[in-house]
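# A look at the structure
The residues making up each chain are set out below.
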Amino acid sequence: MLKYTLRVHDFIAQAAGLASEPATAGASPEPMVDDPQNPTRVTVHTTTGAAAALRIAQRHLTLVHARLAYTSPGAVDRTAADIVYAEARTRAESLTPDQRKDESYHAIHSEDDGLRMDALTDVMEAHGEIDT
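Let me begin by describing the structure that accompanies this report. Owing to the predicted nature of the structure, the values given are computational and were not obtained by experimental measurement. (Residues numbered from 1 in each chain as written. Predicted model: local features only at pLDDT ≥ 70, side-chain atom pairs only at ≥ 80, totals over all residues. Heavy atoms only, no water.)

## Here we look at helix α1 (residues 50–71)
Given 3.6 residues per helical turn, the α-helix brings residues three or four places apart onto the same face. Helix length check: α1 (22 residues) gives 31 Å between terminal C-alpha atoms against 32 Å at 1.5 Å per residue, within 8%. Burial in α1 covers these residues: A52, A53, A57, H60, L61, L63, V64, H65, A66, L68 and A69. Each element contacted by the buried residues of α1 is listed here: β1 (2–9), β2 (12–22), β3 (32–33), β4 (41–46), α2 (80–94) and α4 (111–126). (Helix = DSSP H or I, 4+ residues; strand = E, 2+ residues; numbered from the N terminus. Expected span 1.5 Å × (residues − 1). Buried < 20%, exposed > 50% of the residue type's maximum accessible area, 1.4 Å probe, protein only. Contact = heavy atoms within 4.5 Å.)

Written out as structure tokens, the structure reads:
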């Protein structure tokens, strides 16, 4: 597995200057940003190359942006993805724990479904319904 570090500008991953190195043992495989309020670097782990790293990084940045727009209205300009996330998070908050659990088993078919699942996971973690 390789660890890729990409520069970020305005929540967009930049392919120029893409750096990779072997991943260290025990490193978190989850994508990470250096600053969730204003990321300048994103780190991802993948075995499938630079193109996959760029896609993973961009998807993670979209989620970071959506979370920021939800938790700090006015901190960033809202995007369509932010609205999808906010609507899904509001919906997830209105469900019972059992309904959220059932919902978490649904398949992801699109990028919007991925954001909806991330919103559901965020709510379930906030309510202590899943281990973090």
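## Observations regarding unusual backbone geometry
With a phi close to 55°, D10 is a non-glycine residue in the positive phi region. Residue placement: D10 occurs in the loop between β1 and β2. Look at D10 and you get exposed, because its relative accessible area is 59%. Here F11, not a glycine, exhibits a phi torsion of approximately 65°, which is positive. Summarising the element assignment, F11 is placed in the loop between β1 and β2. By relative accessible area, F11 is classed as buried at 11%.

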